[in-house]
Amino acid sequence: MSPEGKGSARRQRSRRQLLSLVQERGSITRDELGRITGLSRSAIAEGVQGLIRDSLVVEERAQSVGRSPARGRPAGLLTPSRPAGLVAGIDFGHAHVSAAVAGTDGRVRVEHREPVNVDDEAATALDTAAVLFKRCLDDAKASASEALSIAAGIPGPLDSGSHRVRSATILSSWVGLDPERELSSRLGRLVHVGNDADMGAQGELRFGAARGCRDFLYIKVSRGIGAGIVLNGESYRGSIGIAGEIGHTQLPGAASWCRCGNRGCLETVVSITEVQRQLEHIRLRNAFPDEGLSLDSITEDPVAARVVTEAGRTLGRVLAELCNCLNPAAIILGGELGTAGQPLVAGVRESIDRYTQPAIAQAVDVRTAGLGLRSELMGAISRAMDHAQR
Ligand SMILES: [Zn+2]
């Protein structure tokens, strides 16, 4: 490559990095951009100028952030420029569908949720999504044309090339379906579809416990287990879009059949259904009534806490390998079981301390999702915000 070509590739890279930082943070100063990226003052100035010229970023004068001593004038706050209008997000869980309509700044106006057997009844789930979207618009007193973009997360392996669900047994009623096309035709608008754990990671990155984090794993622990991987501030989905299927990691000594067709997968030992089954032995039958639940019973009951801590240890064993490989700054635990409280976090923490390299263990913080059970829905809103911006 010629020196000019190299310079232009470098400028493009800096520009993308600066834009994604402004979008992630919502507002940021040039000095902060310099500290995070390590770019020179002139490179920041050039990149920011280009973003402002292309109407992607606006600069507001802000007294509160102080004066930039080098220039002797107030430091500007850079914010993403927001088109007027609405965005919408849809989240398919295993047993519910939810939808929300928000402003292009991400502030939710209306949100609705319905229980549906998503895994086994794809058509009903897709129809429900369309009904909830319409209900959100009606309640927001808005028309469909005001929705600039819509994104949805589904709980299964979605091929980024074919847009189809890529497993005969996971999310079986969805196999061969093109969820993007199905949803787009029902809603009468283009719907961007992605994996639910990936959406969860995006939600936590923009609005939740991963704000400001460049490298982290979001682990959705529900009926299945999936990881949303964020590296250097961006989602990593692999060559065909289905990276993060950690629920199907083989555990030594485990032998139960898994819905993927293998034996001994992590999901067969740690999942909401399996933990529920174990808790039934100690009569905590209703620890997980459907989904939005109070889990005080688990934290308060020492035997229940032990069951959940043990699930955390098993999950942590698999996460420890991922930590050794990726050296993340945080692990965010989401989903019904992931947000079940301190016992699960403690179990995960224990295994990470035990099985990762000490420096890597020290660098990683284990937390529960800041958005509780709404990480995926807010991730869909975040994705829709990104599309509205383009
Ligand atoms: Zn499996």
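Residues numbered from 1 in each chain as written. Predicted model: local features only at pLDDT ≥ 70, side-chain atom pairs only at ≥ 80, totals over all residues. Heavy atoms only, no water.

1. Remarks on the overall build of the chain
Here is step 1: Helix and strand counts for the chain stand at 14 helices and 15 strands.
Here is step 2: Against the globule reference of 21 Å for 390 residues, the chain gives a C-alpha radius of gyration of 22 Å, in line with a compact fold.
Here is step 3: Considered along the principal axes of its C-alpha atoms, the chain spans approximately 70 × 50 × 45 Å.
Here is step 4: When the 390 residues of the chain are sorted by exposure, 53% land in the buried category.
Here is step 5: Considering only residue pairs separated by 6 or more positions, the chain has 61% of its internal contacts joining residues 24 or more positions apart. (Helix = DSSP H or I, 4+ residues; strand = E, 2+ residues; numbered from the N terminus. Rg over C-alpha atoms; globule rule 2.2 N^0.38 Å. Buried < 20%, exposed > 50% of the residue type's maximum accessible area, 1.4 Å probe, protein only. Contact = heavy atoms within 4.5 Å.)

2. Side note on the packing of aromatic side chains
Here is step 1: Inspection of every chain in the model, using the stated rule, returns one aromatic pair.
Here is step 2: On the basis of an interplanar angle of 80° and a centroid distance of 5.4 Å, the ring pair of Phe92 and Trp174 is categorised as edge-to-face. Here Phe92 is found in strand β6 (residues 86-92), whereas its partner Trp174 is found in the loop between β9 (147-154) and α5 (179-187), with 82 residues between them in sequence.
Here is step 3: Residue Phe92 is classed as buried on the basis of its relative accessible area, which comes to 0%.
Here is step 4: With relative accessibility at 0%, the residue Trp174 sits in the buried group.
Here is step 5: Directly above the ring of Tyr355 sits Arg317, whose terminal nitrogen or CZ lies 3.7 Å from the centroid. (Phe/Tyr/Trp six-rings, centres within 6.5 Å; stacked < 30°, edge-to-face > 60°. Lys NZ or Arg CZ within 6 Å of the ring centre and 35° of its normal.)

3. Brief notes about the pattern of salt bridges
Here is step 1: This structure, assessed with the given rule, holds 23 salt bridges.
Here is step 2: Linking Arg277 and Glu274 is a salt bridge whose minimum nitrogen-to-oxygen distance equals 2.7 Å. Placement of both Arg277 and Glu274 in helix α8 (residues 272-280) is noted, with a separation of three residues, approximately one turn of the helix.
Here is step 3: Classification of Arg277 by relative accessible area gives partly exposed; the value is 41%. (Salt bridge = Lys/Arg side-chain N within 4 Å of Asp/Glu carboxyl O.)

4. Quick word on the sheet that holds strand β14 (residues 330-334)
Here is step 1: The strand order across the open sheet formed by five strands is β13-β12-β11-β14-β15, and the pairing between neighbours is mixed. Two strands close off the open sheet at either side, each with one partner strand: β13 (234-236) and β15 (365-368). Each strand of the sheet is rotated relative to its neighbour by a mean of 25°, with strand direction disregarded.
Here is step 2: Bridge count for strand β12 (residues 225-231) against β13 is three bridges, and the pairing is antiparallel. (Pairing = 2+ DSSP bridges. Axes fitted to C-alpha atoms, helices over the stretch in contact; angles between N-to-C directions.)

5. Considerations on empty space enclosed by the protein
Here is step 1: Tallying each qualifying case throughout the model produces two cavities of 30 Å³ or more.
Here is step 2: The space that makes up the largest cavity amounts to roughly 170 Å³.
Here is step 3: The wall of the largest cavity is formed by 19 residues, among which Pro155, Asp196, Gly224, Ile225 and Gly226 lie closest to the centre.
Here is step 4: Broken down by secondary-structure element, the contributors of at least two residues to the lining of the largest cavity are α6 (196-207) and β12.
Here is step 5: Considering every element that reaches the lining of the largest cavity, the biggest residue donor is β12, with three residues.
Here is step 6: Looking at the lining of the largest cavity, its residues break down into six nonpolar, eight polar and five charged.
Here is step 7: For the second largest cavity, the calculated volume is near 50 Å³. (1 Å grid on protein atoms, 1.4 Å probe; cavity = no way out; pocket = protein on both sides within 12 Å on 5 of 7 lines; lining within 4 Å. Points joined across faces, edges and corners; volume = space filled by probe spheres on them. Nonpolar A, V, L, I, M, F, W, Y, C, P; charged D, E, K, R; others polar.)

6. Some words on the domain arrangement of the chain
Here is step 1: The domains assigned to the chain are domain 1 (3-80), domain 2 (86-201 + 375-389) and domain 3 (211-370).
Here is step 2: The straight-line distance from the C-alpha centre of domain 1 to that of domain 2 is 33 Å. (Domains from an automatic or database assignment.)

7. So, the packing of α8 against helix α10 (residues 302-326)
Here is step 1: Put simply, α8 and α10 touch, their axes get as near as 10 Å, and they point 150° apart. When the interaxial angle is binned, α8 and α10 end up roughly antiparallel. When you trace α8 past α10, the crossing you get is right-handed. Together, Val275, Gln278 and Leu279 of α8 and Ala304, Val307, Val308 and Ala311 of α10 make up the contact between the two elements.
Here is step 2: For the contact of α8 with α10, the per-class residue count stands at six nonpolar, one polar and no charged. (Parallel < 35°, antiparallel > 145°, perpendicular 65-115°, else oblique. Left-handed = near helix turned anticlockwise from the far one by under 90°.)

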